[in-house]
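Listed below, chain by chain, are the residues.
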Amino acid sequence: MDDFLSWLEQMLGWVPQWLVGLSLVVGAIISALFVHGIAARIIKRAIGERWPAVSLLLQRIAGPARLALCLVAVALVLPAAPLNDVLREQLQHFFIVAVIALIGWITVRAVDMGAARYLQRFRLDTDENFLARKHVTQVRVFKRVLDTLVVIIAISTALMTFESVKQYGVSLFASAGAAGLIVGLAARPLLSNLIAGVQIAITQPIRIEDAVIIENEWGWVEDIASTYVVVRLWDWRRMVVPLSYFIERPFQNWTRDTQSLIGAIVLHVDYCTDVSRIRQRLEEAVRESKLWDGAVVNLQVIEASPRSIELRALVSARSAPQSWDLRCEIREKLLAFIRQEMPEAFPRERALISPPLADYEGTFGDRDAPSRPAPPRTHS
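Residues numbered from 1 in each chain as written. Predicted model: local features only at pLDDT ≥ 70, side-chain atom pairs only at ≥ 80, totals over all residues. Heavy atoms only, no water.

A look at the overall build of the chain
Basically, it comes down to this: Secondary structure counts use DSSP, requiring at least four H or I residues in a row for a helix and at least two E residues in a row for a strand, with both numbered from the N terminus. Any two residues whose heavy atoms approach within 4.5 Å are treated as being in contact. All accessibility values rest on the Shrake-Rupley procedure with a 1.4 Å probe; residue burial counts only the protein chains present in the view.
Counting its regular elements, the chain contains eleven helices and eight strands. Sequence-distant contacts in the chain: of pairs separated by 6 or more residues, those separated by 24 or more amount to 67%. Accessible surface, the chain as shown: approximately 25,200 Å² in total, 62% of it carbon and sulfur.

What to know about the side chain of N253
This is how it is decided: The buried label goes to any residue with under 20% of its type's maximum accessible area, the exposed label to any with over 50%, and the partly exposed label to all in between, with areas taken from a 1.4 Å probe on protein chains only. Counted as a polar contact is a pair of N or O atoms within 3.5 Å, where, for protein atoms, one must be capable of donating a hydrogen and the other of accepting one, and residues adjacent in sequence contribute only when both atoms are in side chains.
With respect to the secondary-structure elements, N253 resides in strand β5 (residues 252–253). N253 gets classed as buried once you look at its relative accessible area, which sits at 18%. Here P205 takes part through its backbone oxygen, which lies 2.8 Å from a polar atom of the side chain of N253. Polar side-chain contacts of N253 include one of 3.1 Å to the side chain of D210. Those residues in contact with N253 that sit more than four places away from it in its chain are P205, I206, D210, A211 and V212.

A short note on a nonpolar patch on the surface
Just so we agree on the cut-off: Patches draw on residues past 30% relative accessible area with no salt bridge. Two like charges within 9 Å are joined, as are two nonpolar side chains (Val, Leu, Ile, Met, Phe, Trp, Tyr) within 5 Å. Counted as salt bridges are all cases of a side-chain nitrogen of Lys or Arg within 4 Å of a carboxyl oxygen of Asp or Glu.
On the surface, a cluster of nonpolar side chains totalling about 400 Å² of accessible area is made up of F34, V35, I38 and I42. By secondary structure assignment, the location of I38 is in helix α2 (residues 17–47).

Quick word on the environment of V212
Checked against the element boundaries, V212 lands in strand β1 (residues 211–214). A residue is classified by how much of its surface remains accessible, and V212, at 0% relative accessible area, is buried. Residues V212 and W254, spaced 42 residues apart in sequence, show a C-alpha to C-alpha distance of 5.8 Å. Among all residues touching V212, those that are not within four sequence positions of it are I206, E217, W218, G219, V221, V231, F251, Q252 and N253.

Considerations on the side chain of S244
Mapped onto the elements, S244 comes out in the loop between β4 (238–242) and α9 (245–248). Setting aside its immediate chain neighbours within four residues, S244 contacts N193 and A196.

Quick word on helix α10 (residues 275–288)
Residues three or four positions apart in an α-helix share a direction because the helix packs 3.6 residues into each turn. Rules: To estimate how far a helix should reach, multiply one less than its number of residues by 1.5 Å. An arc is given here, and it is the one of the directions from the helix axis to the C-beta atoms.
Counted at 1.5 Å a residue, the expected span for α10 with its 14 residues is 20 Å, and the 20 Å between its end C-alpha atoms agrees. Along α10, the residues that are buried comprise V275, I278, R281, L282, A285 and V286. What you see down the axis of α10 is that its buried residues fit within an arc of 130°, all on one side. Packing partners of the buried residues in α10 comprise β7 (292–304), β8 (309–317) and α11 (320–341).

Topic: the confidence of the model for the chain
For clarity, the threshold we go by: One number per residue, pLDDT, summarises how confident the predictor is, and it ranges from 0 to 100.
Here the chain averages 77 in pLDDT, and 73% of its residues register 70 or above. Ranking the elements of the chain by mean pLDDT puts helix α7 (residues 163–174) last, at 53, and β8 first, at 95. Taken together, the stretch residues 168–181 has pLDDT below 50 and engages in six contacts with residues farther than four places along the chain or on a different chain.

A closer look at the nonpolar core
Test applied: Grouping buried Ala, Val, Leu, Ile, Met, Phe, Trp, Tyr and Cys residues that are joined through side-chain atoms within 4.5 Å yields what is termed a nonpolar core.
Formed by 25 residues in total, the largest nonpolar core has its most connected members in I206, I214, I224, V229 and F246. Elements with a minimum of two residues in this core: α5 (85–119), α6 (130–159), α8 (178–203), β1, β2 (217–224), β3 (228–233), β4 and α9. Of all the elements, α6 adds the most residues to this core, at five residues. Setting aside its immediate chain neighbours within four residues, V229 contacts I206, V221, D223, I224, M239, V240, V241, L243 and F246. Within the second largest apolar cluster, 22 residues are counted, among which are L282, A317, L326 and A345.

Considering unusual backbone geometry
Phi is positive for Q204, which is not a glycine, with a value near 55°. Mapped onto the elements, Q204 comes out in the loop between α8 and β1. Backbone geometry places E209, a non-glycine residue, at a positive phi of 70°. Along the chain, the position of E209 falls in the loop between α8 and β1.

As structure tokens, then:
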């Protein structure tokens, strides 16, 4: 290496020393990237499709591996590069920051691969997936919290290598003055959401793919991030809600312990309705439906108003979407039955038509009182 550098120095004597040193560093980085590309292709051809797990692992660590090879190449070339002390010190400082970034990057990728490997045993595309949704929720929340902490620690460690930033950072976080209060107040929503995420992962008031009603909107929990939750609404809209909302405010979770739900169907019919016939038709309709889970079917008179009576039919289904579809199906069948078989069950308006009040004069009250003479008749 020394002979090669001496020969290179004689050939390029007119070139500044710092440019030669930087050229060596850049050449080492390019050589490292070239070697990594060739090695990745060779390994990919050797593995092929026989070991998909190893292939996936190599894809995940491709970025950190490139950075590691570049750092190794720079570390080998830097001591022999003809650089002045200032530039060498700057490159060494950059090397330290790059190593910190590499460690953080490897840690994040290790957490991601560990989480993905752990979740391979659970499936969300089944009906009874409570255990899977529990573990997926916990792993995703903890993974994102750990990723956030690793990134924060890596950035903080890298910034602390700069003397000026280190002094300002120490004085900022160690002081209890106005600046510390402002930073604390500004970071309060972020910290509260991070803490709420840990609470949700442990207590699990919501899980991935839970059916919830929030802000009078019904949907499924699509994603739980480190600071917010994405709810997929029934019409494919997305509602983004802070994590702290699910800790501080009430909401409805339709799939907390089980996915089965009881749906209600309300009908208004006339007083002369034969309720037993409608009940019989209800039982026949739910038996014909593939959405009914065979658990609950019932019909009751729950209200009586001056003009009609109110019937409530209860039917159960295996999930919230099936419950909604079953309610719509049974409502349609009952209305068709009433229209075709029991038209007298539709609500009606009744009125009592009585004679004029003058015809009743003398019937009530004092019988001895003289009757009022009738008004004279006029002819046109």
